[in-house]
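Observations on chain architecture
Each chain, letter by letter, is given below.
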Amino acid sequence: MDPLLSIANWFEGVLVGWGLAPWAVNLILSVVGIVLLCTVMLVIAIWCVWVERKVVARFQDRLGPNRIGPFGLIQPFADIIKLLIKEDIAPKGIDKVPYNIAPILALATVLTLWAIIPLSPSILGSDINVGVLFIVGIGAISTLGLIMAGWACNNKYALLGALREVATMISYEVPMVIALMIPVILASSMGINKIVESQSSYAYIFIVPLAALIFLVSSQAELGRAPFDLSEAESEIVAGFHIEYSGMKFGMFYAGELLHAFTVGAIFSSLFLGGWSGPFVDRVPVLGIFYLFIKSLFIYWVIMWIKYTLPRLRIDHMLSFNWKFLTPLSLALLMVVALLNKLLQNADTWVYVLGMLAGNILVGWVAILLSRRQVKTPRKEFAADRPVARPPESAPVTPIPDPGGD
Amino acid sequence: MVEQQWLYIGVFLIIAPVFPMLALLVPRLIAPKKPNAIKLQTYECGMETVGDSWVQFKVQYYIYGLVFLVFDVEIVFLYPWAVALNILPLFAVVEGIIFIMILVGGLFYAWRKGVLEWY
């Protein structure tokens, strides 16, 4: 019934028929699977360039790429050829090793994240029981690539970008990890596939919407996308960490960022939207890939929507928002969800769902109420009314005295 | 079975960097290479760079790092609790919540101390 699985089984049979040892068969199957997966992901990354440019164009009331190929579909490939034949300028005084490792790290770690995302009920790369921690760890290494790039460039702007990236990463990691703990509590497992399987009756976004929102916001910051794109704020520090990169090395950062956004979409949909689950998926497992792709694409679109709608925050506002609002909120939500989960453990499903939803809404509402009271300080200094340039219509018009003479 | 899962991740960690390396190898072969002194200068808005590039930075970044460290260690303790929550008695759940509350207290202490301000 599952074409991909039957191909894999056939291939395994062929290898066993050659008389290879079981571990060698396993290794060869893993290598073939990984190479296929990485290739598909890179093609998706290239295609994401087109999606991103097309979507931003529509947000800004433009057409976007539309010359090369139907709907400009060939445009990203033309861009790649351009990047390949560009000169790779490495400025004087750089720290060579981190400078060259950074672009590789930025893309490779994002590819590695796909090792644990279950694509369909039958196709899972690796079903390790610490999947959530793996996501957090590998995601942090991807940010490490950006920090290395900023440090190695021998450029003040790049260093500032790297420092901002560090501050963003260590700050927003806290609410992100706490928000990730909530699906772990609900599924009582850290394995991604277990979490997806336990959402067969209802997706977690319906019972813990606030956790999903916190995860989305903090991963937006982790991605370094607007409104949190301070590490490459072009109006302040020109291009931030990748200021001295050119050619394909810049392309690696670009592809890595776009693919990371898509990957965050896949992680979000696995944790909160039910991943591969959907109608008929138990009979036709290949449909799972399609469902996961659609859900990830939707979340990717939401990330782009936020990016191209909101203006950039200031760094102190951004860190205040995290430490004074998002972190206490996520800790409070964690406590409420843990307690409710324990108390409603033996209740009916609908009581459980409604109780969780009510708890989430209550925590969010109270948080907004408290923060509104906190920020409602009266503005003392109003600017005085500006003098009107022209007197009102009713005022008598003083005639300009005639200077006389000729 | 568990070894097989981790073997897969190990192989993945080896193969994943190969793709960007290949992509970086191609321009090394076909791209032009004509460096000159002016081209290789560090970019700084058209001016020549003054002084060392690895400048001093705000101590605030460091303090945020310290605050983060507390929470990072806390999270390591909380994940086993979160996984086992369904089989724990109510007492253990409440105990975990008290643990989180102590940490929230720490956060508020740091807040009142002015650690979270950006001067």
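Values in this document were obtained by computation on a predicted structure and should not be read as measured data.

What counts, and where the lines are drawn
Residues numbered from 1 in each chain as written. Chains lettered and ligands numbered in written order. Predicted model: local features only at pLDDT ≥ 70, side-chain atom pairs only at ≥ 80, totals over all residues. Heavy atoms only, no water. pLDDT = per-residue confidence, 0-100. Contact = heavy atoms within 4.5 Å. Buried area = accessible area lost by both parts, 1.4 Å probe. Salt bridge = Lys/Arg side-chain N within 4 Å of Asp/Glu carboxyl O. Polar contact = N/O pair within 3.5 Å; in protein donor to acceptor, adjacent residues only side chain to side chain. Helix = DSSP H or I, 4+ residues; strand = E, 2+ residues; numbered from the N terminus. Nonpolar A, V, L, I, M, F, W, Y, C, P; charged D, E, K, R; others polar. Expected span 1.5 Å × (residues − 1). Bend = angle between axes of the 7 residues up to and from the residue. Buried < 20%, exposed > 50% of the residue type's maximum accessible area, 1.4 Å probe, protein only. Phe/Tyr/Trp six-rings, centres within 6.5 Å; stacked < 30°, edge-to-face > 60°. Patch = residues over 30% accessible without salt bridge, like charges linked within 9 Å, V, L, I, M, F, W, Y side chains within 5 Å. Areas by Shrake-Rupley, 256 points an atom, 1.4 Å probe, with all protein chains shown as cover.

Our focus in this paragraph is the confidence of the model for chain B. Mean pLDDT over chain B: 82, with 98% of residues reaching 70 or higher. Reported for the predicted complex are a pTM of 0.85 and an ipTM of 0.86.

Our next topic: the interface of chain B and chain A. Counting residues at the interface gives 69 residues for chain B, matched by 81 residues for chain A. Summed over both sides, the interface between chain B and chain A buries roughly 7000 Å², with carbon and sulfur atoms accounting for 76% of that surface. Of all residues in chain B, the largest losses of buried area upon contact with chain A belong to Tyr 8, Trp 54 and Tyr 79 of chain B, amounting jointly to 11% of the total for that side. Run the count over chain B and chain A and you get 0 salt bridges. Connecting chain B to chain A are 8 residue pairs in polar contact (both at pLDDT 80 or more). Counting residues per element, the ones that place at least two in the side of chain B that touches chain A are helix H1 (2–15), helix H2 (18–30), helix H3 (60–83) and helix H4 (90–112) of chain B. A total of 13 residues in the side of chain B that touches chain A trace back to one element, the largest contributor, which is H3 of chain B. Class assignment for the residues of the side of chain B that touches chain A results in 54 nonpolar, 8 polar and 7 charged.

So, about helix H6 (residues 156–187) of chain A. Residue and element names in this part refer to chain A. Between the first and last C-alpha of H6 there are 46 Å, a value that for 32 residues agrees with the 46 Å anticipated at 1.5 Å per step. The sharpest bend along H6 measures roughly 30 degrees and falls at Glu 173, with the proline Pro 175 sitting one to four residues further on. Where burial is concerned, most of H6 is hidden: 30 out of the 32 residues are buried. Two or three places before Tyr 157, at the opening of H6, Asn 155 has a side-chain oxygen 2.8 Å from that residue's backbone nitrogen. Following H6 by one or two positions, Ser 188 adopts a phi angle in the positive range, close to 40 degrees.

Right, let's get into the packing of aromatic side chains. All names here are of chain A. One pass over the structure, following the stated rule, counts 24 aromatic pairs over all chains. Taken together, a centroid distance of 4.5 Å and an interplanar angle of 10 degrees make the contact between Tyr 99 and Tyr 245 stacked. Of the two residues, Tyr 99 sits in helix H4 (residues 96–113) while Tyr 245 sits in the loop between helix H9 (234–237) and helix H10 (247–272), which places them 146 residues apart along the sequence. Here the aromatic rings of Phe 298 and Trp 301 are separated by 6.4 Å at their centres, their planes lie at 25 degrees, and the arrangement is stacked. With a gap of 3 residues between them, Phe 298 and Trp 301 both fall in helix H11 (residues 287–309), about one helical turn apart. Under the relative-accessibility criterion, Phe 298 is labelled partly exposed at 47%. Owing to a relative accessible area of 33%, Trp 301 belongs among the partly exposed residues under this scheme. The rings of Trp 47, Trp 50, Trp 114, Phe 262, Phe 293 and Tyr 300 are connected pair by pair, giving a single aromatic cluster.

A separate point is a nonpolar patch on the surface. On the surface, Ile 81 and Ile 85 of chain A together with Val 18, Leu 22, Leu 25, Val 26, Leu 29 and Ile 30 of chain B cluster together into a nonpolar patch covering about 740 Å² of accessible area. Ranked by residues supplied to the nonpolar patch, first place goes to H2 of chain B with 6 residues. Mapping Ile 81 of chain A onto the fold places it in helix H3 (residues 75–84). Using a relative accessible area of 53% as the deciding quantity, one classes Ile 81 of chain A as exposed.

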